[in-house]
Amino acid sequence: MPNASSWSASSPLLLLWEESSGTRIFLSLLYAVLAISGTLSNVMVIYLVFSFKKLQTTSNAFIVNGCAADLSVCALWMPQEAVLGLLPPNSSSLRSAEYRLLRGGILSLGLTVSLASHLLVAFNRYVLITKLPSVYQALYQRRHTGCMIGLSWALALLLVPLLPGLWIPGSAQQSALRQPDGSSRYTALLLALAVLGQTVLLLHCYLGIVRRVRGSAKRVSVLNFHLLHQLPFPAAPPPPRRAQRRLSSVSVLLLCCVYLLGTQPLVWVSLLSFFLRPAPPALQAASWLLLCSLSALNPLLYTWRSEEFRRAARSVLPRAEGAATAPRPATA
């Protein structure tokens, strides 16, 4: 079995240390599937929001911001991992420090903005559901929304040069194997605490929404947070109030569960590497893979319950358009 130093020096960012061709081919195919599906879903959400005025709301602006960040991971970073997984372990492309730094920068930028967008969406929905409409409208003016989005990218650009190893899997954890007391261990700890703190704030917002919706008489769909006066068409008749609240709570809890499944394994693997001993390379790779897979799932998480997104998607899909224009058969 190869030692940790050889794995750190020769493998791509998220590929397992094993030199088995079958394992590398499987991971390359997995990255290819995530890259294709994530690119298509993120591009579709961005296109729908920019093409349909009814979707151009404050909440969707944060969703588009996250889709743009996820697109950098799915369209720029994952295809490289898929190709590199097919190269021999001793390939010169894998050993190039500049190229590894470039891939780490792309991943750092995309994941940092994506996680920040998750928090911005959650806080936006929390204010809309739990606060007065006047508070929401004063806080989320156009220029304020633009500043929040710009701040998420500025923070990511600041972290890329200051902490180059923060988002590079294998750099912090694997170098910790060779230098147990080095700064890389503190980089892994900082990564874990940052994601954990962001998760606590996100859960606070969504659980506050669930409590408000379940105890409120308002018929609000938690995953459709647009102000009613912003809709240019009458809303569909809502389901019974109790069923509406139950469905909304389940939707929010499902979103939280998927988010926790994608982020928390990396948190606890990093904490394990700091306080006890480095986790097995396979576990580290799996935790990073789960985190990066969120970039392909995020567009579905935020739009699958939105009737406005479904209507817009049906209007642009060729099959839906053909079905809508097809003549109906005559009836006796």
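Note that this is a predicted model, so its numbers are computed, not measured.

Attention now moves to the overall build of the protein. If you tally the helices and strands in the protein, you get 13 helices and 0 strands. Across the protein, helices and strands are ordered from the amino to the carboxyl terminus as α-α-α-α-α-α-α-α-α-α-α-α-α. Counting across all 332 residues of the protein, residues that qualify as buried make up 48%. Considering only intrachain contacts with a sequence separation of at least 6, the fraction spanning at least 24 residues in the protein is 79%. Surface summary for the protein: the accessible area is close to 16,600 Å², and the carbon and sulfur share equals 69%.

Helix packing geometry: the angle between the two helix axes and the distance between the axes. At a minimum axis distance of 11 Å, the contact between helix α5 (residues 97-130) and helix α11 (residues 281-303) shows a crossing angle of 45 degrees. If you check the angle between α5 and α11, you find them oblique. Judged by the twist between their axes, the crossing of α5 over α11 is left-handed. Here α5 contributes L107, L111, S114, H118, V121 and R125 to the contact with α11, which in turn contributes W288, L291, C292, S295, N298 and Y302. Here the contact of α5 with α11 is built from residues that sort into 7 nonpolar, 4 polar and 1 charged.

Moving on, we get to the UniProt feature "transmembrane region" (unreviewed entry) in the protein. Mapped onto this numbering, the UniProt entry annotates "transmembrane region" (unreviewed entry) at residues 25-50, 62-80, 100-123, 144-168, 188-209, 250-276 and 282-304. Between the end C-alpha atoms of residues 62-80 the distance is 27 Å, and the span holds 100% helix and 0% strand. Overall, residues 100-123 shows 100% helix and 0% strand. The separation of its end C-alpha atoms is 35 Å.

Here the focus is the nonpolar core. Judged by nonpolar contacts, the single largest core of 60 residues is most densely connected at W77, M78, L111, Y206 and Y302. Those elements that place two or more of their residues in this core are α2 (21-51), α3 (58-84), α5, α9 (183-214), α10 (241-275), α11 and α12 (307-316).

Moving on, we get to the side chain of S293. Topologically, S293 is positioned in helix α11. Residues contacting S293, with those up to four places away along its chain left out, are L34 and M78.

The next subject is α12. Of the residues making up α12, those classed as buried are E308, F309, A312 and A313. One side of α12 holds all its buried residues, which, seen down the axis, span an arc of 130 degrees. Looking at the buried side of α12, the elements it contacts are α2, α3 and α11.

Rules used in this analysis
Residues numbered from 1 in each chain as written. Predicted model: local features only at pLDDT ≥ 70, side-chain atom pairs only at ≥ 80, totals over all residues. Heavy atoms only, no water. Helix = DSSP H or I, 4+ residues; strand = E, 2+ residues; numbered from the N terminus. Buried < 20%, exposed > 50% of the residue type's maximum accessible area, 1.4 Å probe, protein only. Contact = heavy atoms within 4.5 Å. Areas by Shrake-Rupley, 256 points an atom, 1.4 Å probe, with all protein chains shown as cover. Axes fitted to C-alpha atoms, helices over the stretch in contact; angles between N-to-C directions. Parallel < 35°, antiparallel > 145°, perpendicular 65-115°, else oblique. Left-handed = near helix turned anticlockwise from the far one by under 90°. Nonpolar A, V, L, I, M, F, W, Y, C, P; charged D, E, K, R; others polar. UniProt positions renumbered as here; feature names shortened; annotations may be inferred. Core = buried A, V, L, I, M, F, W, Y, C linked by side-chain atoms within 4.5 Å. Arc of directions from axis to C-beta.

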